[in-house]
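Chains, contacts and geometry: an overview
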Amino acid sequence: MPLKKKVAELMIPLEDYPHVPYWFTLKQAMAIIREAAIKFQGTFEPRSVLVFDEKYHLVGILSLQDLLRGLAPPVPEGTGETWEAMITRLEGDLTGEWVAEKADTPVSEVMSPITATVSTDDSLARALLVMIKEKLPRLPVLKDDRVVGLIRMADLFQVISDHVLQAR
């Protein structure tokens, strides 16, 4: 039996997904992600926040990887330093003054741009193919050119694996 669900049936509504204005700091975004993880425990775990401008237009997405990259001290390239020596040097920095200072960086400086979206009326197959082609774990969902939610590859996997494992 074909899987005919639409993106709207699987997306997380915008009001349930963490989002921040572009001027929020990494520290503020971190707090929003942690609050959402507590609020939605057992439902989903947010691994990013959507970033909006003052007119509520989507301008980017801040993943956990983006956030941690924004907090991490720079790794010097071409210095001849071994990987283990770099790790030892950086271990203290990840809990020190560097991180405290970098936590005040605006999310706009480290967020990733939006490279693809899907519509509420798109099929799950279209969403999956866009994610695979663009190598994205999540996609903003639009309706009438406005962001209304987010669809995640983890949720697509759940639906597809349920379907596959129930098929005979």
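What counts, and at which threshold
Residues numbered from 1 in each chain as written. Predicted model: local features only at pLDDT ≥ 70, side-chain atom pairs only at ≥ 80, totals over all residues. Heavy atoms only, no water. pLDDT = per-residue confidence, 0-100. Helix = DSSP H or I, 4+ residues; strand = E, 2+ residues; numbered from the N terminus. Buried < 20%, exposed > 50% of the residue type's maximum accessible area, 1.4 Å probe, protein only. Arc of directions from axis to C-beta. Contact = heavy atoms within 4.5 Å. Core = buried A, V, L, I, M, F, W, Y, C linked by side-chain atoms within 4.5 Å. Phe/Tyr/Trp six-rings, centres within 6.5 Å; stacked < 30°, edge-to-face > 60°. Pairing = 2+ DSSP bridges.

1. Regarding the confidence of the model for the protein chain
- Of all residues in the protein chain, 91% attain a pLDDT of 70 or more, and the chain-wide mean is 87.
- By mean pLDDT, helix α4 (residues 83-93) is the weakest element of the protein chain at 71, and strand β5 (residues 118-119) is the strongest at 97.

2. Here's the deal with helix α6 (residues 124-134)
- Along α6, the residues classified as buried are Leu124, Ala127, Val130 and Met131. What you see down the axis of α6 is that its buried residues fit within an arc of 125°, all on one side. Among the exposed residues of α6, those oriented more than 90 degrees off its buried face are Leu129 and Lys133.
- Where α6 is buried, its residues contact α1 (7-10), β5, β6 (138-143), β7 (146-152) and α7 (153-166).
- Trailing α6 by a residue or two, Lys135 shows a phi angle of about 55°, which is positive.

3. Examining the environment of Lys5
- Turning to its location among the elements, Lys5 is positioned in the segment before α1.
- Spatially, the C-alpha atom of Lys5 lies 24 Å from that of Leu50, the residues being 45 residues apart in sequence.
- Not counting chain neighbours up to four residues away, the residues in contact with Lys5 comprise Ser123 and Leu124.

4. Quick notes on the nonpolar core
- Residues Val7, Val118, Leu124, Leu139, Ile151 and Leu156 are the most contacted members of the largest nonpolar core, which totals 15 residues.
- Going through the elements one at a time, α1, α6, β6 and α7 are the ones with two or more residues in this core.
- Of the residues forming this core, the biggest block, four residues, is contributed by α6.
- Ignoring sequence-local partners within four residues, the contact set of Val118 consists of Val7, Ala127, Val130, Leu139, Pro140, Val141, Leu142 and Ile151.
- Formed by 14 residues, the second largest nonpolar core is a distinct cluster that contains Leu67, Ala103, Val107 and Met111.

5. Concerning the packing of aromatic side chains
- With the rule as written, the count across this model stands at two aromatic pairs.
- Centroid distance Tyr22 to Trp23: 5.2 Å. Interplanar angle 80°. Geometry classified as edge-to-face.
- Plain terms: the ring middles of Phe52 and Tyr56 are 4.4 Å apart, the flat faces sit at 10° to each other, and that makes the pair stacked.

6. Quick look at the pairing of β7
- Within β7, five of the seven residues are buried, which leaves it mostly tucked inside the rest of the structure.
- Here strand β1 (residues 12-13) runs beside β7; their pairing, made up of two bridges, is antiparallel. Paired with Ile12 across the strands is Leu150, a residue of β7.
- Of the strand pairs in this sheet, β6 and β7 are connected by six bridges, and their pairing is antiparallel. Along β7, the bridge assignment pairs Leu142 with Val147.

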